[in-house]
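Residues per chain, in single letters:
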Amino acid sequence: MFDYHHHSAFSVDCTASMPDVCRVAVERGISEIAFTEHMDFIPEEKNTGYFRYDAYMESVRQCRERFRDELAIVAGIEVDYCPDFENETGKWVEEREFDFVIGSVHYLRGKGNISEPRALGFFRGRTEREAYGEYWDLVLRCARFGIWDALGHIDLVKRYGTEVFGPFNEERHAEALDEVLSTLVTKRIALEINTSGLRQPPAECYPSAAVLRRYRELGGVRVTVGSDSHAVDHTGAGVFFGLRMARETGFTHVERFRRREGSAVPINLEFGPGDERLLQQKRL
Ligand SMILES: [Zn+2]
Ligand SMILES: [Zn+2]
């Protein structure tokens with residue numbers, strides 16, 4: 001069982017130590033974990049300048065040694081995409097040795113982080129079409145920029161959008177989603193199934209089964225599954241649910257990454273000892 005989106009204290013909004021996360025991952029039957037810390041380029045945001053690459057890689061090295069026989073550790077990064085910093089972003093990623101790079105949109109620059117409760121103000125002042133539209137434009141640009149191994153939480157906008165506009169309706173956003181999904185297929189970027197939405201207001205993954213099915217119809221075959229956990233309580237949360245949804249929507253494999261090279265691993269829904277808790281973790 002893989003968890004391909006996890007934060008540690010190398011991210012500005014997380015205090016969990018990397019060894020603690022590894023220990024809990026092993027206890028819960030996770031066989032492979034990707035630490036995907038936040039990296040931001042927007043100068044006016046507090047996150048920018050927080051991530052320390054050398055210290056992070058050293059911590060990955062130590063954890064690999066300590067958990068050698070129990071856990072595969074993937075050195076990843078979750079880069080916040082902002083179109084104003086494409087050059088800096090491309091250069092920064094290229095100069096470093098990651099296994100796995102997620103591109104995500106969190107900020108509408110000058111309007112805040114749509115994944116924080118403060119975003120409710122942004123949604124309340126706009127129609128659904130306006131608010132979601134601004135986000136889709138950025139996600140499409142993010143996908144087109146194309147330097148990623150996976151696109152993170154494709155419809156994160158529904159995290160708080162749901163509270164203002166009601167349950168997310170894929171059909172109302174089909175055109176925008178199709179553009180993004182087709183771009184992922186063309187650029188061979190994996191679509192992430194981010195299970196954090198299960199424990200947040202939308203109570204469903206980013207994205208839902210309907211979007212996964214559409215991605216499959218458009219020729220998409222590459223998916224990753226991650227809990228986007230920021231605390232050991234959530235390590236592996238929902239990954240079994242996410243994998244099962246992938247299987248039910250027509251995917252046979254998940255992606256594994258080493259030094260930016262993807263390979264397909266058959267989805268295995270069988271449980272080994274220690275895995276039982278994951279079954280209960282849809283909402284943990
Ligand atoms: Zn994110
Ligand atoms: Zn994340």
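In this text the structure is predicted, and so the values were computed from the model without any measurement.

Draft legend 1. Spatial organisation of the coordination of the zinc ion (ligand 2). Coordination of the zinc ion (ligand 2) by the protein involves His5 (NE2), His7 (NE2), Glu78 (OE) and Asp228 (OD), with metal-donor separations of 2.0 to 2.3 Å. A separation of 3.4 Å is found between the zinc ion (ligand 2) and the zinc ion (ligand 1), which share Glu78 as a coordinating residue. Here His5, found in strand S1 (residues 2-6), pairs with Glu78, found in strand S3 (residues 72-80); they are 73 residues apart in sequence, far enough to count as distant. A residue is classified by how much of its surface remains accessible, and Glu78, at 0% relative accessible area, is buried.

Draft legend 2. Representation of the layout of surface pockets. In this structure, the largest pocket occupies an estimated 400 Å³ of space. Lining the largest pocket are 24 residues, with Asp13, His38, Ser115, Arg159 and His230 positioned closest to its centre. Across the lining of the largest pocket, the residue classes break down as six nonpolar, 10 polar and eight charged. There is about 300 Å³ of room inside the second largest pocket. Among the elements of the structure, helix H5 (128-145) and helix H7 (174-187) are those that each provide at least two residues to the lining of the second largest pocket. Considering every element that reaches the lining of the second largest pocket, the biggest residue donor is H5, with six residues. Within the lining of the second largest pocket, the residues separate by chemical class into four nonpolar, two polar and six charged.

Draft legend 3. Examining the nonpolar core more closely. Counting residues in each nonpolar core, the largest one holds 91 residues, and the members touching the most others are Phe51, Tyr56, Ile114 and Phe123. With nine residues, the top contributor of residues to this core is H5. When sequence neighbours within four positions are dropped, the list of residues in contact with Phe51 reads Phe10, Glu37, His38, Met39, Tyr56, Ile77, Trp92 and Phe98.

Draft legend 4. Main features of the environment of Ala75. Mapped onto the secondary structure, Ala75 falls in strand S3. Among the residues examined, Ala75 registers a relative accessible area of 1% and is labelled buried. Sequence separation of Ala75 and Arg52 is 23 residues, and the distance between their C-alpha atoms is 13 Å. Ala75 has contacts with Phe35, Tyr56, Met57, Val60, Arg64, Phe98, Asp99 and Phe100, leaving out every residue within four places of it along the chain.

Draft legend 5. Layout of the coordination of the zinc ion (ligand 1). In this structure, Glu78 (OE), His106 (NE2) and His153 (NE2) serve as the protein donors to the zinc ion (ligand 1), at separations of 2.1 Å. Counting the intervening residues between successive donors of the zinc ion (ligand 1) yields the motif E-x27-H-x46-H.

Draft legend 6. Structural context of the pattern of salt bridges. Applying the stated criterion to the full structure yields 22 salt bridges. Between Asp99 and Arg64 there is a salt bridge whose closest N-O contact spans 3.0 Å. Of the two residues, Asp99 sits in the loop between helix H3 (86-94) and strand S4 (100-104) while Arg64 sits in helix H2 (residues 53-66), which places them 35 residues apart along the sequence. Asp99 gets classed as buried once you look at its relative accessible area, which sits at 8%. Look at Arg64 and you get partly exposed, because its relative accessible area is 34%. Of the charged contacts in the structure, one is a salt bridge between Glu217 and Arg214, with a shortest N-O distance of 2.8 Å. Of the two residues, Glu217 and Arg214 both sit in helix H8 (residues 209-217), three residues apart, roughly one turn of that helix.

Draft legend 7. Fine view of the pairing of strand S9 (residues 223-226). Here S9 shows two buried faces, one formed by Val223 and Val225 and the other by Thr224 and Gly226. Here strand S8 (residues 190-194) runs beside S9; their pairing, made up of four bridges, is parallel. Each residue of the ladder has a partner; that of Glu192, found in S9, is Thr224. Traced from S8 through H8 to S9, the parallel crossover comes out right-handed.

The rules we used
Residues numbered from 1 in each chain as written. Chains lettered and ligands numbered in written order. Predicted model: local features only at pLDDT ≥ 70, side-chain atom pairs only at ≥ 80, totals over all residues. Heavy atoms only, no water. Donors = N, O, S within 2.8 Å, 3.2 Å for Na, K, Ca; no water. Helix = DSSP H or I, 4+ residues; strand = E, 2+ residues; numbered from the N terminus. Buried < 20%, exposed > 50% of the residue type's maximum accessible area, 1.4 Å probe, protein only. 1 Å grid on protein atoms, 1.4 Å probe; cavity = no way out; pocket = protein on both sides within 12 Å on 5 of 7 lines; lining within 4 Å. Points joined across faces, edges and corners; volume = space filled by probe spheres on them. Nonpolar A, V, L, I, M, F, W, Y, C, P; charged D, E, K, R; others polar. Core = buried A, V, L, I, M, F, W, Y, C linked by side-chain atoms within 4.5 Å. Contact = heavy atoms within 4.5 Å. Salt bridge = Lys/Arg side-chain N within 4 Å of Asp/Glu carboxyl O. Pairing = 2+ DSSP bridges. Right-handed = clockwise from strand over helix to strand, strands pointing away.

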